[in-house]
Each structure stands twice: as structure tokens, then as C-alpha cells.
There are 2 protein chains.
Amino acid sequence: MSEFTDIASYVEGLARNAKEASRPLGFAPNEVRAGAVRAMAAALRERADEVLAANEADMEAARAAGLSDGLLDRLLLTPERVEGMACGLEALALLPDPVGRVLDHRTIDCGLDLTKVSVPLGLVAMVYEARPNVTADAAGICIRTGNACILRGGSVAQRSCAAIARVLADAVEARGLPRAAISIIETTDRAATGVLMGLRGVVDVLIPRGGAGLIQRCVREASVPVIETGTGNCHIYVHESADLSKAVPIVVNAKCQRVGVCNAAESLLVDEAVAERFLAEMLPVLAERGVLVHGDAFTCDAARKMGLGDRCVPATDEDWGREYLALEISVKVVSGIDEAIAHINRYGTHHSEAIVAEDDAACERFLVEVDASSVYANASTRFTDGGEFGLGAEIGISTQKLHARGPFAAEALTTYKYEVRGTGQVRP
Amino acid sequence: MSEFTDIASYVEGLARNAKEASRPLGFAPNEVRAGAVRAMAAALRERADEVLAANEADMEAARAAGLSDGLLDRLLLTPERVEGMACGLEALALLPDPVGRVLDHRTIDCGLDLTKVSVPLGLVAMVYEARPNVTADAAGICIRTGNACILRGGSVAQRSCAAIARVLADAVEARGLPRAAISIIETTDRAATGVLMGLRGVVDVLIPRGGAGLIQRCVREASVPVIETGTGNCHIYVHESADLSKAVPIVVNAKCQRVGVCNAAESLLVDEAVAERFLAEMLPVLAERGVLVHGDAFTCDAARKMGLGDRCVPATDEDWGREYLALEISVKVVSGIDEAIAHINRYGTHHSEAIVAEDDAACERFLVEVDASSVYANASTRFTDGGEFGLGAEIGISTQKLHARGPFAAEALTTYKYEVRGTGQVRP
């Protein structure tokens, strides 16, 4: 994009056009928005070759640059993955309309008729990394909710994202909506993200999707509102009343079923009353699954006695706050539920936390006193997910408390307004 | 507070204690929180003399510093005003519990029981200016909603705010809740506000109440979440179908009933089809009320012809965006509803906007297409207020779109969590 000598004016121009496009989109009827999303799905299917060709160019460059296999897999598009994007869009079209919901209605004393109604936010900015399919997910959820979007994909996925956005914008335009409603930043200059984060009054919300570095940069530097997603230092707490035949599979599932995700367990707390018995069952299973334990003194000692000393290293204070996103877990023996709750509220990231206990009072206390978006009694933290919770297509999992918390879906891309109908009322 | 050589550690220490206090408060039963708020009211009545003496010291210093009458009036406490604070607290105690509301409940396929329940935010920071009574309002609404608060009053009101906070903290402590739940920053060092704004992970939300300077500083500089309140560049748009016998009183009420407030009208738009007839009625009334008009060419011309040339100055482009908070108003003739809506969406602050029209289609179009927290057909913008809307004690009027928009009350000081009860479920 060498023709854009001034990144700031390029990004601001794109964003202002997108914001302008958000207005007619915002009051387009449900059928029009749902129809546009269906047309986006159809266009992706029809023009899959164009998208796959762009992706092949990204893949070639990425291979040449020596990217890791994991990253290459995230970048790769296949006919099946394009079909997956199209199906995702069709599912969005079927959602009940998130816009125009009457949230409250009353007549106030002086005769004014007051309706609180859900409306789109306006312009949604999404900043993401290697996965090109986020382009379709983000554009789809925005159009469905009457929002325009400005997208900023990772530089390795530049061509793929641009091709997808072009196909989708064409489809939207063919349905009589402004194509600027799906805008994409086409430069690999990192300064573009900085500009986007500062467009107060133009960008209504910024949602970063990606690694902790990206998200923390947005939270720290953005002057536009941000929905913070991501970091999950999730705990499993095994209470003295736990049924160990539940505890062991829950830990294995939460740690091992998918290690690179934010709702995976990163830390295990065990009541000292059951520590010896539980660790005797748990540590061999973790070792067998290839999980490295960062243990406190008791845990390391137990591991050594079982001949698993090489699978357990001493935990440092830093380990209690770490999100490994790998086959590693910290393990600490606690004196009881007080210490467990205090530890989680101190080191957790308010994402997902679980207790395993047969004692109902302990479960209820944990559910109430632990400060997290999703708190579990006797289940794996891996369930924290918009789809699993039945909320529909998830935009992300919010670790903040304002606006959206936990898994959030289309509704989080709306705000509300009060419509007041009168007959000349003035305030006494 | 010369003993605090290190403002940063002083403020951070206070905030961390307050955060600690938020935990037991957060799961205290409704009766305990409501009882504490009633005890706060009783304590204020009992110890009114102590509060009034502190206020007299503030007043003396303020008079010596030559503060304006307006500011002195905002600072002044009287027995009646203390009684007003006590009554406000008692009204809060009567509110239905904002905490523990079940917002959603479902059993998901694998048998997990999912409850979405409202919970307190944790630690609420309020930064405000001259009015000492904000101390009681803020502390009351926080305790009622299970939040701890850290308060930062204006330096002129330092002694009054500290005295009120002390009385209220004593009352809370006497009811068995931690007194740090009502914490107040007792230093006039401006750096304290900066420290508070940066306490991510400790302060859960910052709500500035005061002038545009304070609010903009918080929005720009805070790394903690902020609820932006305040600025209102509100418009009254007189459509060609308007009943002028409604339009004139609505404009007078919106502009003159109370000029220093954010829901007062600052700009008047008039369809050209009725401009001559409407201005012939409106301009003399505004002149009589002492309102200075910043008019476009047509308006200035009309004023001159009526012999009101001295009450109308030419508007500059800047006037369209100005919040006068005074007996001044900008007036512009527009070609019709398209131009009116575009003008409001460009120059408004998304606070409160009104159309006066007998044509229902015009009203409905305005209500839908204008992007503001509160949109009115045939009523004064002055109704935008938590009390008027029947929402209960208002914390402020939000001009942002995320979390809370428009007048917001106790509910905005809650978030939610998902409580998930299982029997050993793991994710397949």
C-alpha cells in the first residue's frame, strides 16, 4: 500500500466512511440485514477460488518467511474452511434480530411514553491475527447486528483477509447496503492499529482477538472503548469433599483437551486433607499426558516419591499467575476453601474457575465468592464458550466487567436508546 | 496531608483496602446492605453538627479565596441539605435489590445448570467537584449495590466530604461491614486523581461527575474503565408540521428552566418552510427571557427586522458544537428533516435530542435515525433524568454507548457472572 503515504489519514478516511455507512445499515429492517448475511455466504461459496488463491499467496510468503507449523495451520484456508465460514454466516442469518428489542416500556406521570429499545453500536473495529476466517465471522456478526465494521487482520493474512472482505462487501453492496459497511485496512504498517485505537467518536468499540500482547496493547493505548478478551489463568480447586473419580477427569479435560485456549486450566489447588490421596491418582495421569507440573514443596515431594520427579519442577511465585497455554500446570496444596478462594481472587484473571466438591455448601460458597465471569461446581472450565452456553455465535470471552462479561454474542454489539413520545410536555 | 510523602502509595493503599472490603460486602445479604444504608442516614442526622462545622470551615476558606457565588452555593451545606442527603439514603434502602437478580437460567445439553446472576462490580471510584452531598449519594448507591467505593471530592469541599465519609463509614462499621468500604482520598494533591485513574485491576469502574474538563481528563488518561457522563449539546428541531403552540414552550423549557445542566437545549433547528412564522413567535420570547441567540444569516436577519438585532449575533461554525450552559442558544434554518438529522448526528453529543412535529412519520424517522441516548418527539429534553424516567436514584447520564447509556441508576453498578452447577461434566 505504498500509495498511502499518510497512514493516519488513510485509516481515518476508511473509518469515517465506514461510520457513515453504519447509519443506513443501523435502521435497515431485519430482513435486509439477514438477507445481506445470506448473500455474503452465497458469495463466499461462489468465489471460493478467488479467496483460496489469495490464501495460497499468503501461505507461500509465510512458508518463505519460515513461519511455524502452528501458525501456518491457522493461516491456511481450504475449501472446507471456506464452506465453514459460509455456514457460520448462514447460522447468523437465522438468529432472532438483536436490534429493535423493546427492553422496557412505560408511561411516565406527565403522560410521556418511554420505550427503551436496542440499537446497533455504530462502527465496530476488530483487530486480529493469523486466522483469515475471523474476517467473515466479524463482518457477519456486524452486518447482522446493524453495525458497520472496520477490520484489521494480521499482516501474514493480509491477502486472504482482503479477498474475503472484498467478496463480502460486494455481496452487501448488491443487496443495496453501502459496501463501506465492511471496510478493511489494507496495509501491513503497524502504525495503522495505533491510529484506529485513537479514533474516539468514530469507532464505537474495538474488539481485539488474538494473543495477550495484542490485547494488552489495545487496553493500554486505545482511547476508543475496548472489550477486553482473552487471558485466562483458570483454576481447578479440589475440595476435601471431592469425589476423586470426578476430579481427575475434570482436571485432565480442563488442562489437556485443548491447551492453547483461554478456558484451559492453568493451575490446580488441592485441600491438604486429600492432597496425598488425590496427588497419588492425579500426578501419574498428568505425567502420562505429558503435562509438566510446577508444584509447591508438598507436590514436588509427592512426585519424587512416585518416581515422577522429572515431571515436576518447583513452582515460583510467578507460576501462580501464569497462563501457560501449554502442557504445563501449577499445583498448590491449600489449607481449605478460604485459602483457595483468596488465592484465586488474587491470581486469577476472572475468566473461569472451578471447584470439585460433594459438599454443597462448599460449592455454593465458591460460586458466590469467587470473582470470575464463569464459576463452576463439578465441571470442566472448558465449557466457557458462547456455543456451549447456547448464546449463539460468540464474539469472544470478555474478562472485563463492564458491558459484556464472559462469553458474549451478538447482543453485546448493541446498545440502547430511550425513545420518548409526547404531546408537548415540558418539565415543571 | 503532609504526612503522605508518597501520594501514589497512599492512594494505592487506600484503594487496595477498599477493594479488599468489597469482597465481604459483595456477598452480604440484601437486608445487611439495606440496613447499612439506613444506618448511614440515621448517622448523618445524628451527627449533622459535625458535618456542618466541617462545611463552615470549607466555606470560610472558599470565601477567603474569593470563590464565585455559584460555587459557594454548590459548596454550602445547611441542615435542610443534610436532611436531603439522609432522605436520599433512605430512598436507596427501599430499592429492590440490584444484586442477585437471575438474568438467565437454563440447563445445557450435557446437563449443566447455568445461571446468569447480577453481582456487584467490586470497587467503584467517584471523582467529583464542589458539591459535598455527592459523597453521601455515591457512598449510598455503592453500599446498596454491594460495591466498595473510593471517593475523591473537590479540593474546596475537602473537609465537608471527609466529615460525611467519616460519619458514613462509622455507620457501616457499626453494622458489621468493613469501614474501608467507604474510603475517601484526603489530600488536595491533584496527582491523587492520576494515580486513581491508573489502578487497573483494583478500581473496577471510575465515574467522574463534574465539568467537561474533569470528564475529558478521565476519559483520555484513565486506564481503568470509565463511565463517561455529561456533555450535552442538545437540539430542538422544529419540523414544518410542528404545532408552534407546542414548539415555543418546549424550546423555552429546554433552554431556560435550568441552564447549567447537560439536558438543557443548546441549539435550535427550524425547517425553512416555517422559519419565518416560527421565529416571529420564538425570538421575542427568547429575548424576553434574556437568551442571546447565535443565529445563521436568516435568523439574524429576522431578529433585526423585529428590532431584536442586539439579541442575535452571527453564529460561527464553532457554535454548532457548543454547550453554552448559559442563556445562549444557536439557531439554524434547515431545508428539512434530512439536513436536521445529519446536523444533529454530526454536532450532537448523543445525549438528548427532540423533534417538534405533528407529522407522525417525521417523528418516527427522527426517533429512529438520530443517534442519541434519549430521543424525543414533542417534549422537552429536560426529561432526561433517572428520577423522571422512573429509574430510581441516578448516578449520572452516560453519553457513551457501552455498559450504560443515558440516565443510569443502581443497576449500572452491577455486572453478572455465570454460575454453572454440574455433576462431573467434561467437554467432549
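Coordinates for the structure precede this section.
Quick notes on the rules
- Residues numbered from 1 in each chain as written.
- Chains lettered and ligands numbered in written order.
- Predicted model: local features only at pLDDT ≥ 70, side-chain atom pairs only at ≥ 80, totals over all residues.
- Heavy atoms only, no water.
- Pairing = 2+ DSSP bridges.
- Helix = DSSP H or I, 4+ residues; strand = E, 2+ residues; numbered from the N terminus.
- Axes fitted to C-alpha atoms, helices over the stretch in contact; angles between N-to-C directions.
- Contact = heavy atoms within 4.5 Å.
- Buried < 20%, exposed > 50% of the residue type's maximum accessible area, 1.4 Å probe, protein only.
- Polar contact = N/O pair within 3.5 Å; in protein donor to acceptor, adjacent residues only side chain to side chain.
- Core = buried A, V, L, I, M, F, W, Y, C linked by side-chain atoms within 4.5 Å.
- Least-squares fit on C-alpha atoms with pLDDT ≥ 70 in both.
- Arc of directions from axis to C-beta.
- Salt bridge = Lys/Arg side-chain N within 4 Å of Asp/Glu carboxyl O.
- Buried area = accessible area lost by both parts, 1.4 Å probe.
- Nonpolar A, V, L, I, M, F, W, Y, C, P; charged D, E, K, R; others polar.
- Right-handed = clockwise from strand over helix to strand, strands pointing away.
- Expected span 1.5 Å × (residues − 1).

Visitor: Please provide a residue-by-residue account of the sheet that holds strand β5 (residues 182–184) of chain A, values included.
Guide: Residue and element names in this part refer to chain A. Reading across from one edge, β5-β4-β3-β6 is the order of the 4 strands in this open sheet, with parallel pairing throughout. Looking at which strands have only one partner, the edges of the open sheet turn out to be β5 and β6 (205–208). Adjacent strand axes in the sheet meet at a mean angle of 20° when their direction is disregarded. Bridging between strand β3 (residues 123–127) and β6 involves 4 bridges; their strand directions are parallel. Pairing of V127 across the sheet is with P208, part of β6. Sheet contacts for helix α6 (residues 133–144): β3, β4 (148–152) and β5; angle to β4, the most-contacted strand, approximately 165°.

Visitor: So what about the side chain of S373 of chain A? Which residues, and what values?
Guide: Residue position: S373 of chain A is located in the loop between α14 (360–369) and β13 (374–379). Judged by relative accessible area, which is 0%, S373 of chain A ranks as buried. Separated by 2.8 Å, the side chain of S373 of chain A and the backbone oxygen of H351 of chain A make a polar contact. Not counting the four nearest positions on each side in its chain, S373 of chain A is found in contact with H350, H351, S398, R405 and G406 of chain A together with K417 and Y418 of chain B.

Visitor: Tell me about unusual backbone geometry, and please be specific about residues and values.
Guide: A positive phi is found at H403 of chain A, a non-glycine position, where the angle reads about 70°. Counting through the fold element by element, H403 of chain A comes out in the loop between β14 (396–398) and β15 (406–408). Phi at H350 of chain B is positive, roughly 60°, even though this residue is not glycine. By the element assignment, H350 of chain B lies in the loop between α13 (337–347) and β12 (352–356). Overall, H350 of chain B belongs to the partly exposed group, its relative accessible area being 22%.

Visitor: So what's going on with the nonpolar core? Residues and values would help.
Guide: Counting 131 residues, the largest nonpolar core has M40, I182, L268 and F278 of chain B as its most contacted members. Beyond its immediate chain neighbours, meaning those up to four positions away, I182 of chain B contacts M40, A139, I143, C149, L151, A165, L168, A169 and V172 of chain B. One finds C161, A181, V226 and F408 of chain A within the second-largest nonpolar core, a separate group that totals 130 residues.

Visitor: Can you explain the relation of the copies chain A and chain B? Please cite residues and give values.
Guide: Between chain A and chain B, the superposition needs a rotation of 180° and an axial shift of 0.0 Å, giving an RMSD of 0.1 Å. The relationship between the two copies is best expressed as a two-fold rotation axis. Among all C-alpha atoms of chain A, that of H403 of chain A lies closest to the rotation axis, at 1.9 Å. The fraction of interface residues of chain A whose copies in chain B are also interface residues reaches 100%, indicating that both copies meet through the same surface.

Visitor: Outline helix α12 (residues 297–305) of chain B, listing residues and values.
Guide: Every α-helix winds through 3.6 residues per turn, so residues three or four apart in the chain are directed the same way. All names here are of chain B. Those residues of α12 not exposed but buried are T299, C300, A302 and A303. Relative to the axis of α12, the buried residues are bounded by an arc of 160° and lie together on one face. Those residues of α12 that are exposed and aimed more than 90 degrees away from the buried face are A297, R304 and K305. Where α12 is buried, its residues meet α11 (272–288), β9 (292–295), β10 (312–314) and β11 (328–334). One or two positions beyond α12, positive phi appears at G307, with a value near 75°.

Visitor: Please set out the side chain of H351 of chain B residue by residue, giving values where relevant.
Guide: Residues and elements named next belong to chain B. Mapped onto the secondary structure, H351 falls in the loop between α13 and β12. With a relative accessible area of 0%, H351 lands in the buried category. Those residues in contact with H351 that sit more than four places away from it in its chain are G230, T231, G232, C234, C262, N263, A372, S373, S374, T384, I397 and T399.

Visitor: Mind laying out the environment of S160 of chain A, listing which residues take part and the relevant values?
Guide: Residue and element names in this part refer to chain A. As for its position among the elements, S160 is in helix α7 (residues 158–174). On the accessibility criterion, S160 (0% relative accessible area) is buried. The sequence separation of S160 and E228 amounts to 68 residues, and the corresponding C-alpha distance is 26 Å.

Visitor: Tell me about the pattern of salt bridges, residues and numbers included.
Guide: Where charged atoms from two side chains of opposite charge approach closely, those side chains can pair. Residue and element names in this part refer to chain A. What the rule picks out here adds up to 66 salt bridges over all chains. As a salt-bridge pair, E83 and R45 come within 2.8 Å of each other at their nearest N and O atoms. In this pair, E83 sits in helix α5 (residues 79–94) while R45 sits in helix α2 (residues 30–46), placing the two residues 38 residues apart along the sequence. Relative accessible area serves as the criterion here: at 34%, E83 is assigned to the partly exposed category.

Visitor: Kindly report on the environment of A139 of chain B, identifying the contributing residues and their values.
Guide: Residue and element names in this part refer to chain B. In this fold, A139 is placed in helix α6 (residues 133–144). You can call A139 buried: its relative accessible area is 0%. Considering only alpha carbons, one finds A139 and Q400, 261 residues apart in sequence, at a separation of 23 Å. Non-local contacts of A139, meaning those with residues more than four positions away in its chain, are made with M40, C149, L151, L168 and I182.

Visitor: Tell me about the interface of chain A and chain B, and please be specific about residues and values.
Guide: Contact with chain A, which involves 66 residues of that partner, is made by 66 residues of chain B. Summed over both partners, the interface of chain A with chain B buries about 5900 Å², with 53% contributed by carbon and sulfur atoms. When the buried area of chain A at its contact with chain B is split by residue, L402, Y418 and R427 of chain A rank highest and sum to 14% of it. Our count for the contact surface shared by chain A and chain B stands at 12 salt bridges. For R23 of chain B, the salt bridge identified is with D371 of chain A, shortest N-O distance 3.7 Å. Inspection of the chain A/chain B interface yields 49 residue pairs in polar contact (both at pLDDT 80 or more). Listed by contribution, the elements that provide at least two residues to the side of chain A that touches chain B are α1 (7–26), β2 (113–120), α10 (244–256), α14, β13 and β16 (414–425) of chain A. Residue contributions to the side of chain A that touches chain B peak at 11 residues, all from β16 of chain A. Partitioning the side of chain A that touches chain B into residue classes produces 32 nonpolar, 15 polar and 19 charged. Two strands pair when backbone bridges link them, and β13 of chain A and strand β16 (residues 414–425) of chain B are joined in this way by 5 bridges, in the parallel orientation.

Visitor: I'd like to hear about the sheet that holds strand β6 (residues 205–208) of chain B, residue by residue, with values.
Guide: All names here are of chain B. Across the sheet, 4 strands lie side by side as β5-β4-β3-β6; this open sheet has parallel pairing. Strand pairing shows two members of the sheet lacking a second neighbour, β5 (182–184) and β6, which therefore form its edges. Strand-to-strand twist across the sheet, computed as the mean angle between neighbouring axes with direction ignored, equals 20°. The strands touched by α6 are β3 (123–127), β4 (148–152) and β5; relative to β4, the strand with the most contacts, the crossing angle is about 165°.

Visitor: How would you explain the pairing of β13 of chain A if you had to name every residue and give the values?
Guide: Residues and elements named next belong to chain A. Within β13, 6 of the 6 residues are buried, which leaves it mostly tucked inside the rest of the structure. Strand direction decides the pairing type here: strand β12 (residues 352–356) and β13, joined by 4 bridges, are parallel. When the bridges of β13 are listed, A354 appears paired with Y376. In terms of handedness, the path from β12 via α14 over to β13 forms a crossover that is right-handed.

Visitor: Which residues make up helix α2 (residues 30–46) of chain B, and what values do they have?
Guide: Residue and element names in this part refer to chain B. Between its first and last C-alpha, α2 extends 24 Å over 17 residues, near the 24 Å set by a 1.5 Å rise per residue. Among the residues making up α2, those that are buried are R33, A34, G35, A36, V37, A39, M40, A41, A43 and L44. For α2, the elements touching its buried residues are α1 (7–26), α3 (48–64), α5 (79–94), α6, α7 (158–174) and β5.

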